[in-house]
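# A closer look at the structure
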Number of protein chains: 2
Amino acid sequence: MKDILFDFISKYVSLTEDEKNALLSLDLFHTVKKGTVLLEEGQKTQDSYFVLKGCIRVYYILDGEERTTAFYTELDALTPHCVINKAPSDYYISCVEDSILLISNTDMSVEVNSKFPKFDVMCRMLSEELLAKQQMVFDEFKTSSPEQRYLNLLQKRPDLIQRVPQHQLASYLGIQPQSLSRLKARILKKK
Amino acid sequence: MKDILFDFISKYVSLTEDEKNALLSLDLFHTVKKGTVLLEEGQKTQDSYFVLKGCIRVYYILDGEERTTAFYTELDALTPHCVINKAPSDYYISCVEDSILLISNTDMSVEVNSKFPKFDVMCRMLSEELLAKQQMVFDEFKTSSPEQRYLNLLQKRPDLIQRVPQHQLASYLGIQPQSLSRLKARILKKK
DNA sequence: ACAACTCGTTCACCTAAGTTAAGAAACGAA
DNA sequence: TTCGTTTCTTAACTTAGGTGAACGAGTTGT
C-alpha cells in the first residue's frame, strides 16, 4: 500500500526518507466496509480521501431520490466541497466496495505543508491536473447524448460498468435506470 | 485595472509592494477585440487567462458544429487543458466581447513562483477552489433537465443570457438553439 | 421455507428534445 | 442605403428519454 502511494507521489515531486516517514507517521490508511457512509448531507468535515483500492461514490438526495454524480476508484483523490468552502456538505459520500482509503484532514495538511513546502507544490500540481481532467469530462458529458455517454464510459472506464449497481450508473449518466436498460438493449440490437 | 487584480489576489495572500511591482513588470494586461480567437484546436500554448473585463468562450467544433462548453467573465481564471498536459488543444477559445485580459505564460509563473513561493500557495488555493466550484456546476448540470438548467442560469448568471448569443447559450445548456427558443416560449406561457 | 425487499428489465404511454425547413429580424459590408 | 449573412424564432414531424406499472431473479431476515 505504501508503495502505491509513494509511486503516485513520485509523479509530482521526489520525497526524501524523512518526508516519507513524516507522511507514514500520520496514520493515514483506513480500511472501509462496503456501504459505509463517509459523509452525510449537512455535515461538516475536514477530511479528504484518496482511493488506494476500491470505489467510493458521491450522491445527492433530491426529492427523496439518490442522484449519483461521481465515482472515485484507484488513485483518484477527492476533496469534498465542504472542506474548501467550510459550509455543510450538500451531498453524501459512501463506499461502493470494501475499500482502502487514505484519509487526511486539513490540520494535517497545513502542518505537513508548512514543514515541507514541497507538498504545497504537489497539491497545486494535483489540483490543476484534476481541474483540467474534470473540465474534459464535463465537456464530454455536455456535448454528448446519454447513449454516447454510455458508449464512451464503456471505452474509458469499462470496469465501472461491472463493479457498480446499474441504477447508480444510470443516474451517473444523467438518466433513469429504465432508460439505461432500454439503451443497452438498443445498442445490442444495432450490432 | 491593477486595483481589480490586487483586490482579487488579496482574497488569497497579501502582497508586499515588491511583489506587486514584480507582477506589474511582467506586461500582463492585454485588450482583446470581440471575435478574436485566442486559441485554436491543434495549437499548443503556454498562456493562461484571467478576465478583468469582458467575456471569453471555450468551444469545440464537432462534425462542423460549434459546441460551447464554458463562458469566462469578470474575475474568472482559465488555464487551458493543453497548458497542463502539454498536448495540442482540442478546443477553441475566443472573445465574446471586447475584453481586458491578464495573460500569463508558464515561464513567467515558474519564475515568479520560484522567487515568491507565496504565489504557489495562492495558485493551489485558487485551483482547489475552482475545482470545487466546477464540481458543483457539473453536479447541477447532471441532476437537472435543460429547462431547469436555463432557470438556474437565469438565477445565477442572468448577465450571461443578455450578453451572449442565444445559439451559443443553447449549446452551453446542452441543447439545440431551436429547443432553447421553444423552452423559453414554454416558460413564458406557464407564468 | 416463506415473506419482504431490492434490483434489473420490459412494456405502454407521455413529454421534451432533435431534425428539417422556412420565414422574420438584426447585423455588416460594400 | 441595399444586399447578403447570421441569428432567432416558429412549425411539423421524428425520436429518445421520463413515468408508472408489472414481472422475475436474487437477497435478507425470520
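Coordinates for the structure precede this section.
Our subject in this report is the structure included herewith.

Residue and element names in this part refer to chain B. Ordered by their spatial adjacency, four strands build an open sheet running S2-S7-S4-S5, and the pairing between neighbours is antiparallel. Strands at the two margins of the open sheet, each flanked by one partner only, are strand S2 (37-39) and strand S5 (65-72). For this sheet the average axis-to-axis angle between neighbouring strands, irrespective of direction, equals 35 degrees. The pairing of S2 with strand S7 (residues 92-95) spans two bridges and is antiparallel. Its bridge partner being in S7, Val37 is matched across the sheet by Ser94.

By secondary structure assignment, the location of Lys142 of chain B is in helix H5 (residues 118-142). Although buried, Lys142 of chain B forms no salt bridge, and the nearest oppositely charged side chain, Asp139 of chain B, lies 6.0 Å from it. Setting aside residues up to four positions removed in sequence, Lys142 of chain B forms contacts with Thr69, Phe141, Tyr172 and Gly174 of chain A.

Let us now look at helix H4 (residues 106-115) of chain A. Taken together, the buried positions of H4 of chain A are occupied by Met108, Val112 and Asn113 of chain A. Seen along its axis, H4 of chain A keeps its buried residues to an arc of 120 degrees; they face one direction. Exposed residues on H4 of chain A whose side chains face more than 90 degrees from its buried face are Asp107, Val110 and Ser114 of chain A. Against the buried residues of H4 of chain A lie strand S8 (99-105) and helix H5 (118-142) of chain A together with H5 of chain B.

On the chain B side, the residues contacting the 32 residues of chain A number 32 residues. A buried area of about 3200 Å², summed over both sides, lies between chain A and chain B, and 62% of it is on carbon and sulfur atoms. On inspection of chain A and its partner chain B, the count reaches two salt bridges. Counting residues per element, the ones that place at least two in the side of chain A that touches chain B are strand S4 (56-62), strand S5 (65-72), helix H3 (81-85) and H5 of chain A. Top contributing element to the side of chain A that touches chain B by residue count: H5 of chain A, with 19 residues. The class makeup of the residues in the side of chain A that touches chain B is 15 nonpolar, nine polar and eight charged.

So, about the protein's contact with DNA strand D. Near DNA strand D, the surroundings consist of 16 residues, among which Ser179, Arg182 and Arg186 of chain A together with Gln166 and His167 of chain B are the closest. Here the atoms of DNA strand D within 4 Å of the protein split so that 55% fall in sugar or phosphate, with bases taking the remainder. Note that a phosphate oxygen of DNA strand D is positioned 3.2 Å from one of the backbone N or O atoms of Gln176 of chain A. Contacts to DNA strand D include Ser181 of chain B, whose side-chain N or O atom sits 2.9 Å from a phosphate oxygen. Taken together, the elements giving at least two residues each to the surface near DNA strand D come down to helix H6 (146-156) and helix H9 (177-190) of chain A together with helix H8 (166-172) and helix H9 (177-190) of chain B. Its residues placed into classes, the surface near DNA strand D shows three nonpolar, eight polar and five charged.

Contacts to DNA strand C come from 16 residues, most closely from Gln166 and His167 of chain A together with Gln178, Ser179 and Arg182 of chain B. Of what DNA strand C places within 4 Å of the protein, 51% of the atoms are sugar or phosphate. Between DNA strand C and Ser181 of chain A there is a distance of 3.1 Å, counted from a phosphate oxygen to a side-chain nitrogen or oxygen. Put simply, the parts of the chain that give the surface near DNA strand C at least two residues each are helix H8 (166-172) and H9 of chain A together with helix H6 (146-156) and H9 of chain B. Split into classes, the residues belonging to the surface near DNA strand C amount to three nonpolar, eight polar and five charged.

Reading the values: rules and limits
- Residues numbered from 1 in each chain as written.
- Chains lettered and ligands numbered in written order.
- Predicted model: local features only at pLDDT ≥ 70, side-chain atom pairs only at ≥ 80, totals over all residues.
- Heavy atoms only, no water.
- Pairing = 2+ DSSP bridges.
- Helix = DSSP H or I, 4+ residues; strand = E, 2+ residues; numbered from the N terminus.
- Axes fitted to C-alpha atoms, helices over the stretch in contact; angles between N-to-C directions.
- Buried < 20%, exposed > 50% of the residue type's maximum accessible area, 1.4 Å probe, protein only.
- Lys, Arg positive; Asp, Glu negative; His and termini not counted.
- Salt bridge = Lys/Arg side-chain N within 4 Å of Asp/Glu carboxyl O.
- Contact = heavy atoms within 4.5 Å.
- Arc of directions from axis to C-beta.
- Buried area = accessible area lost by both parts, 1.4 Å probe.
- Nonpolar A, V, L, I, M, F, W, Y, C, P; charged D, E, K, R; others polar.
- Near = heavy atom within 4 Å.
- Polar contact = N/O pair within 3.5 Å; in protein donor to acceptor, adjacent residues only side chain to side chain.

In short, shape yes, function no, at least from these values alone.
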